[in-house]
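Structure at a glance
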Amino acid sequence: MRIIRVTKQFHEGVVMRRTSLAVLPALVFLLAGSALADGFIVIPRHPPRRPEIRTIPLAVKYHRVKVTIRDQVARTEIDQVFVNPNPYALEGTYIFPLPEEASISGFSMFIDGKEVPGELLEKEKARKIYRDIVRSLRDPALLEYAGRRMFRASIFPIPARGEKRVKLAYEEVCPADGGLVRYRYPLNTEKFSSRPLQDVSVVVDIRGEKPIKNITCPTHPVEVVMKGDTEARVGYEAKNVTPDRDFILYYSLSAEEFALNFLTHRPKPEEDGYFMLLLSPGAGKAKVMEKDVCFVFDKSGSMQGAKIKQARAALRFCVQSLNPGDRFNLIPFATTAEPFSDTLVPATEANVAKAVEYVADIRAAGGTAIDEALTRALSLAPSGDRPYMIVFLTDGLPTIGETAEPAILAHVKAKNRGNVRLFVFGVGNDVNTHLLDKLAGQNHGARTYVAESEDIEIKVSSFFAKVSHPVLSDLALSFPGLRVTDVYPRMLPDLFRGSQLVVVGRYSGSGARALKLTGRVAGETRTIAHDVVFPEKTDRNPFLPRLWAIRKIGFLLDEIRLHGEKKELRDEVVRLARLHGVVTPYTSFLVLEDTRRNRALSRTEPRRRARDKRLGELLGLAGGRGGDGSGAPPSADAPAAPGGAFGLPEEDEESLAEGLRRATGKKAVDASKEAAKLKGEMGDAGFHAFIPDLGREAKKGVMRLVSGVAFYRYGNVWVQAGLPEKAERKVVELFSDDYFALLDEQEKAGPFLALGKVIFSLDGVIYIVK
């Protein structure tokens, strides 16, 4: 959890009901609705004997959460240890905000193993307590909780330089949306922490009477382990981190062969909405197609040593993992290609044993004949609809035979009859990422890169375990009677047992529609029809716009990398990245440049004038007026953006563009891996709709996401990205009567007001909090 710094008022004895308060967070809490809910500890006054000694905020040693969900009923158990670094004991009141819509029962709290009583306070009484804390400390951080009930209990003592272990348990009913059960655990505690947490973990055990499908966590990298059809474990673990977003988990309970779920988000009816489709097959119901696989394997001299040993082990695992009815071949290549067999052979026990012996005798030597090896593999492709996979692994550039990238791609395209899936593995940094990425992208496959320090066997084996059971190929999605745009991925991948298809896009119009998904199973067309509703307005899934933007940015970055930079593509990347708080090779530098520029202004002019001029520019760029709320235009002598079109020195922009176009080397590999992650490709990103973190800008405190909206810090003011061009402006003074009246009128403003000095837009009005 994050800890609010003890303010000066603490030491001066600000009185609130005869106590002065320092607010510190305690526990996080699983909730069913869309609002945040964090616990915190209110510390009564305990002045040190020597006034000059500063009271040090409490620290959190660890934070562990264990959740058990039976169908839709969740029991949450939280275990946390607080550390008091001060030379005297503290006492306090633990406060746990509850969202109004949550159905909570079975609260219990233990401190150092002893159960302690607590009380539930209804909305109005809780609101007064929140406001009193905010008014007395003049710290707006708690305003996001105003309007919610609370649970509170007394905590005493927190020993001097000692620890206090707090355990909390409660039960609730998780809501369902679009057929998906939603589990939410607020880890968005950035503003409360003075230092990272040593240990954070969330473990969710799910059991259902029906099969569990479409498990997805859009917020955190999780491990999903299925235990049959009706049990699953989802785990997240991190060390030395500062959590900056809520933990959100979705899953569905369905006995259908293919489970299809649908989520939407459209806060403004006049703008296009967002949608996400999830599709997953049952672990045991969906019919697995027989397949053909050819392993094309680089055994050139550069593969000597540990790499050839790991590659042999990976090949052995893949061959031994083939299903009855599959066919396969092996084509190791160096100076020439040397197939295991002239044809695809059945995966019988005898043929698998022979292949394992063949793999054991492979030695690394010679050049790299990529074109010949791929041509031989493609010549084995069967006719008809039987899936044919080529698993291609190389650690170098083509050096033998045809070496030109366009010619190799043309040869593969000419030989591919349409049913070939080409999965590529690049080992190390001496690979042509443009060639490998195009081979995968143009042939319905995926890319994976193995770093020099990584184990080839683990990477390849993990991948093949995922794709060894194909259930649906040649997927196509349509929305009869509705206009959808910007749908990603552009080319739908095949569906495998245990995998999940995630599709995001935009829509215009509204109403009930029947979407249609078609695919091929064993040569036959399969159609999945599903009735969905495209609402005119809904704000239930605020993570969707950023997830969609991430997918589109990944697609655009790949276009820039592989086909050259165009101004319209670069402009769109920058626009989307700034609006949705996504770190890219462009905006990463841009945000830092803005921050450096603001600091430079503050050094050369009075701080207030510098801030107002910068905010005036920001509001001017948004079609607005001066940052002081007066309606005056930005100052005429406001400095222009330095350098190129993106606030960068021109030479930096040139080198940045050059890096995106680079085909080989570590930077090229890193760029390809980042694009694949943003696009949500199967290789390193897995099968889940995970949203990458905010990156170093968030860690440096210059960017933050609030209720799905990106904010950037300029000086000591947070400014919302993408402020509307034409909107009424209202100036509100921090902690004034108008300030709290705004909170009463617009409860949705709470998370924005919690930022302090902020400029944000809500319901067509721009609020400037001074």
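Details of the structure are given in the entry above.
The present account deals with the structure reproduced in this document. (Residues numbered from 1 in each chain as written. Predicted model: local features only at pLDDT ≥ 70, side-chain atom pairs only at ≥ 80, totals over all residues. Heavy atoms only, no water.)

So, on to the overall build of the protein. Scanning the protein from terminus to terminus reveals 18 helices and 37 strands. For the protein, restricting intrachain contacts to residue pairs at least 6 apart in sequence, the fraction spanning at least 24 positions comes to 74%. Carbon and sulfur atoms make up 49% of the accessible area of the protein, which totals about 31600 Å². (Helix = DSSP H or I, 4+ residues; strand = E, 2+ residues; numbered from the N terminus. Contact = heavy atoms within 4.5 Å. Areas by Shrake-Rupley, 256 points an atom, 1.4 Å probe, with all protein chains shown as cover.)

A few words on empty space enclosed by the protein. Counted under the stated rule, the structure contains 8 cavities of 30 Å³ or more. The volume enclosed by the largest cavity comes to roughly 80 Å³. Phe 295, Val 296, Phe 297, Ala 311, Ala 314, Leu 315, Cys 318, Val 391, Leu 393 and Val 460 together form the lining of the largest cavity. Sorting the residues of the lining of the largest cavity by element identifies β20 (292–298), α3 (306–320) and β23 (388–394) as the ones contributing at least two each. (1 Å grid on protein atoms, 1.4 Å probe; cavity = no way out; pocket = protein on both sides within 12 Å on 5 of 7 lines; lining within 4 Å. Points joined across faces, edges and corners; volume = space filled by probe spheres on them.)

All right, on to the sheet that holds strand β32 (residues 703–706) then. Taken in spatial order, the 6 strands make up an open sheet running β32-β33-β34-β36-β37-β35, and their pairing is mixed. At either end of the open sheet lies a strand with only one pairing partner, and these are β32 and β35 (728–732). The average undirected angle you get between the axes of adjacent strands in this sheet is 30 degrees. Of the strand pairs in this sheet, β32 and strand β33 (residues 709–714) are connected by 4 bridges, and their pairing is antiparallel. Looking across to β33, one finds that Leu 705 is bridged to Ala 710. (Pairing = 2+ DSSP bridges. Axes fitted to C-alpha atoms, helices over the stretch in contact; angles between N-to-C directions.)

Moving on to the nonpolar core. Of all hydrophobic cores here, the largest spans 43 residues; its most connected members are Met 109, Tyr 183, Val 204, Phe 247 and Leu 249. Judged by nonpolar contacts, the second largest core, of 34 residues, contains Phe 295, Phe 328, Val 352 and Phe 464. (Core = buried A, V, L, I, M, F, W, Y, C linked by side-chain atoms within 4.5 Å. Buried < 20%, exposed > 50% of the residue type's maximum accessible area, 1.4 Å probe, protein only.)

Read across the open sheet, the 6 strands follow the order β22-β21-β20-β23-β24-β25; overall the sheet is mixed. The sheet is open, and its two edges are formed by β22 (345–346) and β25 (447–450), each paired on a single side. Pairing of β20 with β23, which is carried by 6 bridges, proceeds in the parallel orientation. Opposite Val 296, over in β23, you have Phe 392 as the bridge partner. Of the strands in this sheet, β20, β21 (327–333) and β24 (420–427) touch α3, which is tilted by about 175 degrees from β20.

Burial analysis of strand β18 (residues 258–265) places 8 of its 8 residues in the buried class, the great majority of the element. Of the two faces of β18, the one holding Phe 258, Leu 260, Phe 262 and Thr 264 and the one holding Ala 259, Asn 261, Leu 263 and His 265 are both buried throughout. Alignment of β18 against strand β19 (residues 273–281), held across 8 bridges, turns out to be antiparallel. Looking at the pairing, Leu 260 lines up with Leu 279 of β19.

Our next topic: the pattern of salt bridges. For the structure on display, the rule yields 34 salt bridges. Put simply, Lys 552 and Glu 572 hold a salt bridge, and the shortest N to O gap is 3.3 Å. Note that Lys 552 is positioned in helix α9 (residues 544–563) and Glu 572 in helix α10 (residues 567–580), a separation of 20 residues in sequence. Judged by its relative accessible area of 10%, Lys 552 falls in the buried class. (Salt bridge = Lys/Arg side-chain N within 4 Å of Asp/Glu carboxyl O.)

A few words on helix α4 (residues 349–360). End to end, α4 covers 17 Å across 12 residues, agreeing with the expected 16 Å (1.5 Å per residue, within 8%). For α4, every residue scored as buried is listed here: Asn 351, Val 352, Ala 355 and Val 359. Summarising the axial view, the buried residues of α4 lie within an arc of 100 degrees, below the 170-degree limit, and thus occupy one face. For α4, exposure combined with an orientation more than 90 degrees from the buried face picks out Glu 349, Lys 354 and Glu 357. As for α4, its buried residues are in contact with α3, β21 and β22. (Expected span 1.5 Å × (residues − 1). Arc of directions from axis to C-beta.)

What follows concerns the packing of α3 against α4. How two helices sit against one another is set out by the angle between their axes and by the gap between those axes. Axis separation between α3 and α4 bottoms out at 10 Å; the angle between their running directions is 175 degrees. Classed by the angle they form, the pair α3 and α4 counts as roughly antiparallel. Each of Arg 312, Leu 315, Arg 316, Val 319 and Gln 320 in α3 lies in contact with α4, whose residues at this interface are Val 352, Ala 355, Val 356, Val 359 and Ala 360. Among the residues forming the contact of α3 with α4, the class breakdown is 7 nonpolar, 1 polar and 2 charged. (Parallel < 35°, antiparallel > 145°, perpendicular 65-115°, else oblique. Nonpolar A, V, L, I, M, F, W, Y, C, P; charged D, E, K, R; others polar.)

A complete count under the given rule lists 22 aromatic pairs for this structure. Ring centres of Phe 760 and Tyr 767 lie 5.3 Å apart, and the angle between their planes is 25 degrees; on these two criteria the pair is classed as stacked. Phe 760 gets classed as buried once you look at its relative accessible area, which sits at 0%. Grouping aromatic residues by their ring pairs yields a cluster made of Phe 262, Phe 275, Phe 479, Tyr 507 and Phe 534. If you follow Arg 490 out to its NZ or CZ, it ends over the ring of Phe 555, 4.4 Å from the centre. Here the guanidinium or amino end of Arg 578 rests over the ring plane of Tyr 712, the centre of that ring lying 4.6 Å away. (Phe/Tyr/Trp six-rings, centres within 6.5 Å; stacked < 30°, edge-to-face > 60°. Lys NZ or Arg CZ within 6 Å of the ring centre and 35° of its normal.)

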